[in-house]
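Here are the chains, one letter per residue:
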Amino acid sequence: EPGMLRFQDGTGTGKMSCIAFKNQEFCRAELKDFEFNAKFSVVSATVYFSGANFRGVEKGAISSSDLKPIKHLMQRCQLGSNVVFDDVKVKGPDNEVRTIMGLSLSLF
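First, a word on scope: everything that follows refers to the structure included in this document. (Residues numbered from 1 in each chain as written. Predicted model: local features only at pLDDT ≥ 70, side-chain atom pairs only at ≥ 80, totals over all residues. Heavy atoms only, no water.)

1. Quick word on the environment of Arg6
Its place among the elements puts Arg6 in strand 1 (residues 4-8). Take Arg6: its relative accessible area is 25%, and that puts it in the partly exposed class. In sequence terms Arg6 and Arg28 are 22 residues apart; their C-alpha atoms lie 4.8 Å from each other. (Helix = DSSP H or I, 4+ residues; strand = E, 2+ residues; numbered from the N terminus. Buried < 20%, exposed > 50% of the residue type's maximum accessible area, 1.4 Å probe, protein only.)

In structure tokens:
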């Protein structure tokens, strides 16, 4: 659905339109091959912003699926910005917290 950034099993890299990225409000973890459609909630992630409109690398963090804590950094993104979600921790239906592969985005 719109406004939902997804962490999915796979390469963990991709391209996203800058406008689409700035419109994201939440993120969701989708793990393949795990008990059918088990729901995972995002517990935390470290987010790095670099490239266009950033001096060096700037760091933010989220502590749930809500992207509000990094919205001020997201709004500075422009064509050529890079965003990396790293150390993504999720909680599954079994209440286990696990670290999953992050997401690296090049914005266009």
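2. Let's talk about the packing of aromatic side chains
Counted according to the given criterion, the structure contains one aromatic pair. Ring centres of Phe49 and Phe54 lie 5.6 Å apart, and the angle between their planes is 35°; this geometry places the pair in the tilted category. As far as the burial class goes, Phe49 and Phe54 line up, both buried. (Phe/Tyr/Trp six-rings, centres within 6.5 Å; stacked < 30°, edge-to-face > 60°.)

3. Focus: the nonpolar core
Ranked by size, the top nonpolar core spans 27 residues in total, and within it Phe21, Phe49 and Phe85 carry the most contacts. Elements that contribute at least two residues to this core include exactly helix 1 (18-22), strand 3 (26-30), strand 4 (41-51), helix 2 (71-74), strand 6 (81-91) and strand 8 (103-107). In contact with Phe49, not counting residues within four places along its chain, are Phe21, Phe54, Gly56, Val57, Glu58, Ile70, Leu73, Met74, Cys77, Asn82 and Val83. (Core = buried A, V, L, I, M, F, W, Y, C linked by side-chain atoms within 4.5 Å. Contact = heavy atoms within 4.5 Å.)

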